Every structure is written in C-alpha cells, then in structure tokens.
There are 2 protein chains.
Amino acid sequence: MDIFFDRKSVRKYTNEEVKDEDLNYILRSAMSAPTAKNTRCYSFIVIKDKTTHAEIAKRHEAAQMILQAPLAILVVGDESLAYNSYFPQDCSAATENILLAAVAKGYGAVWCGVYSNEKRQKALEEFFKLPPNIRAFSLVIIGKSADDTPAKNGWDETKIKYERWQ
Amino acid sequence: MDIFFDRKSVRKYTNEEVKDEDLNYILRSAMSAPTAKNTRCYSFIVIKDKTTHAEIAKRHEAAQMILQAPLAILVVGDESLAYNSYFPQDCSAATENILLAAVAKGYGAVWCGVYSNEKRQKALEEFFKLPPNIRAFSLVIIGKSADDTPAKNGWDETKIKYERWQ
C-alpha cells in the first residue's frame, strides 16, 4: 500500500465505525501539518452524531455522502491568527494530512470544499456557532470504503518542467 | 518512522543529491493530491541548477536555505483552470504531499510561501517567464537533513472539539 497513490475520493462507506485510536492518529496527523510561522491556526470539530450529519447535508449540497458515513471532521481556522495570506495553505495542509492519515489507517475519505464558498461557510459557521474570527474551512467525511475502484494513476509527465517553464 | 509526526521544516542540508527515483516518487505523490472537480491545475518546476537557486534567493528573502540545497520544486498552477475559489487548496494539497513524500524517502524539506505574497509572486513569475494564467504558488526546498532536532509533538487537545464549537 502507498498512501499517496492509493488515496482517492471515497464517497461510499460500509457501516463500520472509525475506531477511537484511529481517529486520534488522524487528528494528530492533522495537527502535525505545517503552518506559516507556526501559528497553528486550525482546529477540528469531530462530528459523529447522525442528527448533526443530517443538518450538515442540508447546508452543503455536495456533502450528501455524510448521511451514510460514521464520521466527519470540520476543519476550522482562525483567519485572524494566520500569518499574512497563508490561511488557506495552513488549513489545506491539515486537511490533506487527514485524508492521507485516513488511508494509512485503512479508511477512505473525501474533502468537501467549504472556504471560500460564501453560502456554505455562512450556513456552517452559523450552525456550529463559530466565533466571529473562526472560519469553516473544509469538511472531511471518513469511513471504511465501500468503493473498490482503484485510485487513478496521477502520473502526468506534462506537469513536470525542468529548470524553466519551457 | 511516521511521515506525519516526523515531518518538520528542514532548513539545513548535507551535500547529498536527491536521487532521481526519489524525485519521481515525490512528483508522483504531488500529482496524486486531490483537486476540486479534478481540474489538476498544478504543475511542478524541478530546479537543480545552482545559478537558478541563487536567482531565486534574490527574489525570496525567506528562501535563503536554497543556496545550500540540492533541489527545489516550484509548485505553480493555472488559477483560471481551478474550480471556483479552490486554487490555494489544490496547490496546497500537492505541496503537502511533496513534503510528506520527501520524508518517506528519507529527505527533509521546507515549504516557502509564495502565493499570495504579491512581491514574491511577481518576482518569481517574471523570472520563470510563467504564462499570464500561471501563478507561482509555493517553493519547496529539499535535501538530506543536516538538522537532528526531533520534530515537535503536534498534539494539542484544545484544538479538538466534539460535535459543536463549545
């Protein structure tokens, strides 16, 4: 197994729960992601409650798979704490770590974009009663994969340049 | 070894080169990162030439460690190709994969921010003669680590919330 090459966006899950020890690993991985000037401006809302999942589905039209998943993590962050313009980078690195750590522990996950989609942000920030300086950034849905299609091969030689653009 | 917990920002390197097979692994990992609506808007400029490293150092005040490193990868992307506002997310996920894949292959790396620092972007976009739709996003400097301080423990219980913000 290779966590980079085997990762794919998983949108179908079995009924299996995510074990607490695996969730801890995933969260620790997220918190180990780099942030500009080490502000560590991110936080993570762990959401297992099915009623909350249903409320999220009403507020994020592209996150309907949450209705079948055992777990979601809402990555949020303090935009005012982030160094310069690097808020999206900081929260994205943490989100990517969540996806990869989920694969490392035998799960599948999908990144549902929130920031900076004004409608989704507003709906989720209101629902979760986030303080004014905290932005809803991304929603990661996690479970045991029920999708057995192999991950796509990402290799594309045309995306590599040497020394200069051309 | 755990690539998430052992990753740290490495700014000192030995003279050892990055092997071609490892560079290929790192680039393939980068290209395996998710992008919103699968636009795959990123590209990667591989830079080994020391003259170019020196030119980059003149244009990015926080990237002086490039002068001692064997390799840099400039992550660039087509902002016009990205889906909605997810350009920083797409390029950040690819950048984070580069950092982690470098650790997986026994190297150390550091993420130097470029986007959206207007001064750095302009200087690098001009130097690399990037087409008008291509943005310089991040600069990753990679080499064998000459820094033996352990990675910080990222765990911080206060960053985890359950079900709601409070």
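On a predicted model such as this, the values are computed, not experimentally measured, just so you know. (Residues numbered from 1 in each chain as written. Chains lettered and ligands numbered in written order. Predicted model: local features only at pLDDT ≥ 70, side-chain atom pairs only at ≥ 80, totals over all residues. Heavy atoms only, no water.)

1. So, the relation of the copies chain A and chain B
Part 1 of the argument: Its rotation angle being 180°, the transformation that places chain A on chain B also includes 0.0 Å of axial translation and leaves an RMSD of 0.0 Å. With respect to symmetry, the two chain copies, as superposed, fit the operation of a two-fold axis.
Part 2 of the argument: Taken together, the interface assignments show that 100% of the residues at the interface of chain A recur at the interface of chain B, consistent with an identical surface on both copies. (Least-squares fit on C-alpha atoms with pLDDT ≥ 70 in both. Contact = heavy atoms within 4.5 Å.)

2. Observations regarding the interface of chain A and chain B
Part 1 of the argument: Contacts between the two partners involve 63 residues from chain A and, on the opposite side, 63 residues from chain B.
Part 2 of the argument: Counting the surface chain A buries against chain B, the share from its top three residues, Phe4(A), Lys159(A) and Trp165(A), is 15%.
Part 3 of the argument: Our count for the contact surface shared by chain A and chain B stands at zero salt bridges.
Part 4 of the argument: Joining chain A to chain B, the criterion identifies 31 residue pairs in polar contact (both at pLDDT 80 or more).
Part 5 of the argument: If you list the elements that add at least two residues to the side of chain A that touches chain B, you get α1 (3-6), α2 (20-31), β1 (42-47), α4 (87-104), β3 (108-113), α5 (118-127), β4 (134-143) and β5 (160-162) of chain A.
Part 6 of the argument: Tallying contributions element by element places α4(A) first for the side of chain A that touches chain B, with nine residues.
Part 7 of the argument: In terms of residue class, the side of chain A that touches chain B is built from 33 nonpolar, 15 polar and 15 charged.
Part 8 of the argument: When β5(A) meets strand β1 (residues 42-47) of chain B, the two strands line up parallel, connected through three bridges. Within the sheet, the bridge partner assigned to Lys161(A) lies in β1(B) and is Ile45(B). (Buried area = accessible area lost by both parts, 1.4 Å probe. Salt bridge = Lys/Arg side-chain N within 4 Å of Asp/Glu carboxyl O. Polar contact = N/O pair within 3.5 Å; in protein donor to acceptor, adjacent residues only side chain to side chain. Helix = DSSP H or I, 4+ residues; strand = E, 2+ residues; numbered from the N terminus. Nonpolar A, V, L, I, M, F, W, Y, C, P; charged D, E, K, R; others polar. Pairing = 2+ DSSP bridges.)

3. Digging into the sheet that holds β3(A)
Part 1 of the argument: With respect to topology, five strands assemble into an open sheet ordered β3(A)-β4(A)-β2(A)-β1(A)-β5(B), the strand pairing being mixed. The strands lining the two open edges of the sheet, one partner per strand, are β3 of chain A together with β5 (160-162) of chain B. Each neighbouring strand pair of the sheet contributes to a mean axis angle of 25°, computed without reference to strand direction.
Part 2 of the argument: The pairing of β3(A) with β4(A) spans six bridges and is classified as antiparallel. By the bridge assignment, Ala109(A) is partnered in β4(A) with Ile142(A).
Part 3 of the argument: Contacting β1 and β2 (71-78) of chain A together with β5 of chain B, α2(A) crosses the sheet at an angle of about 160° to β1(A).
Part 4 of the argument: Helix-sheet contacts for α5(A) involve β2, β3 and β4 of chain A, and the interaxial angle to β4(A) is about 90°. (Axes fitted to C-alpha atoms, helices over the stretch in contact; angles between N-to-C directions.)

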